[in-house]
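So you can see what is in the structure, the chains are spelled out below.
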Amino acid sequence: MPAHEVLRLLKAAASKVRDPLSGQSLQQAGMVGHARVEDGRLVLQVVVTAEHSEEHRRRMLGSLAKQIKHAGWDGPIDAELSQLPSFDPAGDAKAAPPPTPEPPPAQPGKQPIPGVQHVVAVASGKGGVGKSTVALQLAMALSRAGHAVGLMDADIYGPSLPLMLGTQERPGLNDQKKIVPVVAHGLRCMSVGFLVGEKTPLIWRGPMVMGVVRQFIEDVDWSGLDYLIIDLPPGTGDAQLTMAQLVPVSGAVIVSTPQALALLDVVRGIEMFEQLGMPILGVVENMAWLDLPGGERMFPFGQGGARKLAAERDIPLLAELPLDPQLRVAGDSGDPGLVVGGASGLAFDGMARAVAAALPASVRA
Ligand code: ADP
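What you see is a predicted model; the values in this text were computed from it and never measured.

Draft legend 1. Seen up close, the overall build of the protein chain. Check the secondary structure of the protein chain and you find 11 helices and 15 strands. Classification of the 365 residues of the protein chain by burial places 51% in the buried group. Within the protein chain, counting contacts between residues at least 6 apart in sequence, those at least 24 apart form 76% of the total. Taken as a whole, the protein chain presents about 16200 Å² of accessible surface, with 55% of it coming from carbon and sulfur.

Next up, the structure:
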C-alpha cells in the first residue's frame, strides 16, 4: 500500500476515535504522530499526556486499531505511545521522570510572541537536506525585501547558525532582563550555539529541549519583527511535534531533496502540520539539479518529485533550488550574502515574495 494511502487511512481512523480527556478526535487533537510501514507492519506513534490513565490509553489504542482495520489495513499494527515531556528545563536526566502533577495539555495554549507579526517554521522530514540553509536564506531574502526579520535556530541538536553567520558573538541582556538577539547580516538571531559554543557536545533530553525553545520564545526580545523564521529540528518525531505545538506558527515551509525517500518523510511532515492545524505555505525542493560547466544540466537526486507531490497534496511549490557550490561556500564561510543575484539568490527572492504574499506584514508606523 503506498505511503499516502496508509496516511489517508490512518487519518480517517484517527478522526473516528475520541480522546477521553479533551473530547476531540485523536485527529483533531493531533495525537497521532509519526507513522510508517515496516516489514508489513504499521508502526505508529500516539502522543498522550501524563493525565491519560492506563485505562484511557488501553481504550484509545484498542479503538484506534479497530478503526484502522475497518478503514482497510489488514496487517499487524504496532502502536507506540509517547508521553509529552514536561517543560522542566532543569529535569534530572538520571532519574525516571515521576508523574508530573501538572502535565502540559496535548495542545498547549499558544501565546503570540510579543512584537512579532508572523512566525514561519522551516521543517524537513530528515537532516542534511538544506533546511538550515533555506531558513537562513529565506530570512536574508525577506530582509533584502525591506522587512524586519529574526531567525531562531531551534535545531538544538545541531545548531549551525553561528557557523553560517560567521559570528561567535553572545546574546546580551536588556534592562527588562530580556535576552537580546545577536544581530548579524541584518537579522536578529538566536541559537543555542551562541550560548554553549560549537565544540560542546549537546546531549539534550526532551524536557531540556522544550525548556530552551520556551526560553527562546518567551525570554528573548523579538519585538519589532515582521517575520520570525524558526529553523526546526529535522524529522517528525516527538520533539518536533511538541515544539511545533509550542510555537505560534503562522505557516510552515517544508524542505526536501528530490529523492523518493526524502519525499516520504515530507509526506509525514505535511501530515504533522495538518494534524496540528498549521497552515503549510509550501514545499521547497532543494538540490534539484546541477548545472555543469559545459552547459549540461543533471539531476543527481531524480527529477520533478516535489512538483508532483505539491500538485497531489494541493500545496504550493515555493522554490526549486539548484545544487549551487556558492550556496555551500556561503554557508561554510559565514557569508550568506554571497549568493545575492545568483541562481539560488534569485530563487530565494522569489520564495520570500511568495511567503510575504501569503503572510502580509502590516506596515509599522
Ligand atoms: P539541514 O539543516 O537540512 O541539516 P543544511 O542547511 O545544514 O542542512 O545543509 C547541509 C549542507 O549542504 C551544508 O553544507 C549546506 O551548505 C549544503 N547545501 C544545502 N543546500 C545546498 C545547495 N542547494 N547547494 C549546495 N550546497 C547546499
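Draft legend 2. Region of the structure containing the site of the ligand. Near the ligand lie 15 residues; those nearest to it are K131, S132, T133, N286 and D324. The backbone of K131 places a nitrogen or oxygen atom 2.8 Å from an oxygen atom of the ligand. Within the backbone of P322, an N or O atom sits 2.9 Å from a nitrogen atom of the ligand. Calculation on the ligand without its partners gives an accessible area of 570 Å², and the protein chains cover 80% of this total. Contributions of two or more residues to the shell around the ligand are made by α3 (131-144) and α10 (325-333). Residue composition of the shell around the ligand, grouped by class: 5 nonpolar, 6 polar and 4 charged.

Draft legend 3. Summary view of the sheet that holds strand β9 (residues 187-191). If you trace the 8 strands from one edge of the open sheet to the other, you get β8-β9-β5-β10-β4-β11-β12-β15, paired in mixed fashion. Pairing within the sheet leaves two strands with one partner each, and these edge strands are β8 (182-184) and β15 (317-320). Strand after strand, the sheet turns through a mean of 25° between neighbouring axes, direction not considered. Across 3 bridges, strand β12 (residues 280-285) lies against β15 in parallel orientation. Counterpart to V284 in the pairing with β15 is A319. Each of β4 (116-124), β5 (149-153), β9, β10 (225-231), β11 (251-256) and β12 is contacted by α3, which is oriented at about 170° to β10, the strand it contacts most.

Draft legend 4. Looking closely at the side chain of N286. Looking at the secondary structure, you find N286 in the loop between β12 and β13 (290-291). Excluding anything up to four places from it in sequence, N286 contacts V129, G130, V255, S256, T257, P258, L321 and P322.

Draft legend 5. Structural view of the pairing of β5. Counting buried residues in β5 gives 5 out of 5 residues, a clear majority hidden from the surface. Across the two faces of β5 the burial is the same, with V149, L151 and D153 and G150 and M152 all buried. Looking at chain direction, β5 and β10 are connected through 5 bridges and run parallel. Bridged to G150 within β10 is L228. By the bridge criterion, 4 bridges tie β5 to β9 in an arrangement that is parallel. Its bridge partner lying in β9, L151 is registered against C189.

Draft legend 6. Fine view of helix α8 (residues 260-275). With 16 residues, α8 extends 22 Å between its outermost C-alpha atoms, agreeing within 8% with the 22 Å of an ideal straight helix rising 1.5 Å per residue. Burial runs high along α8: 12 of the 16 residues are buried. Looking one or two places after α8, you find G277, whose phi comes out positive at around 70°.

Draft legend 7. Just the nonpolar core, in detail. Core analysis: the biggest nonpolar cluster contains 44 residues, and M152, W222, L228 and F273 have the highest contact counts within it. Looking at this core, the elements that each hand over two or more residues are β4, α6 (206-218), β10, α7 (238-246), β11, α8, β12 and α9 (305-313).

Draft legend 8. Fine view of α10. Restricting attention to buried positions, one finds in α10 the residues L327, A330 and G331. All buried residues of α10 project into a common sector of 95° when viewed along the axis, lining one side. Residues of α10 that are exposed and point over 90 degrees away from its buried face: P325 and R328. Where α10 is buried, its residues meet α3, α4 (161-165) and α11 (343-358). Sitting at the head of α10, D324 places a side-chain oxygen 2.9 Å from the backbone nitrogen of Q326. Just past α10, the residue G334 takes up positive phi, approximately 70°.

Draft legend 9. Looking closely at the environment of L195. Its place among the elements puts L195 in helix α5 (residues 192-196). Spatially, the C-alpha atom of L195 lies 6.6 Å from that of R170, the residues being 25 residues apart in sequence.

Draft legend 10. Representation of the environment of V340 within the structure. You can see V340 is positioned in the loop between α10 and α11. On a C-alpha basis, the gap between V340 and A141 in space is 8.7 Å, while along the polypeptide they are 199 residues apart.

Draft legend 11. Geometry of the pattern of salt bridges. Overall, the coordinates contain 14 salt bridges when judged by the stated rule. A salt bridge links R313 to E274, with the nearest nitrogen and oxygen atoms 3.7 Å apart. Linking R313 in helix α9 with E274 in helix α8, this pair joins segments that are 39 residues apart in sequence. In this structure E274 comes out as partly exposed when scored by relative accessible area, which is 31%. K308 is paired through a salt bridge with E312; the nearest N and O atoms lie 3.8 Å apart. Placement of the pair is K308 and E312 together in helix α9, with a separation of 4 residues, close to one helical turn.

What counts as what
- Residues numbered from 1 in each chain as written.
- Predicted model: local features only at pLDDT ≥ 70, side-chain atom pairs only at ≥ 80, totals over all residues.
- Heavy atoms only, no water.
- Helix = DSSP H or I, 4+ residues; strand = E, 2+ residues; numbered from the N terminus.
- Buried < 20%, exposed > 50% of the residue type's maximum accessible area, 1.4 Å probe, protein only.
- Contact = heavy atoms within 4.5 Å.
- Areas by Shrake-Rupley, 256 points an atom, 1.4 Å probe, with all protein chains shown as cover.
- Near = heavy atom within 4 Å.
- Polar contact = N/O pair within 3.5 Å; in protein donor to acceptor, adjacent residues only side chain to side chain.
- Nonpolar A, V, L, I, M, F, W, Y, C, P; charged D, E, K, R; others polar.
- Pairing = 2+ DSSP bridges.
- Axes fitted to C-alpha atoms, helices over the stretch in contact; angles between N-to-C directions.
- Expected span 1.5 Å × (residues − 1).
- Core = buried A, V, L, I, M, F, W, Y, C linked by side-chain atoms within 4.5 Å.
- Arc of directions from axis to C-beta.
- Salt bridge = Lys/Arg side-chain N within 4 Å of Asp/Glu carboxyl O.

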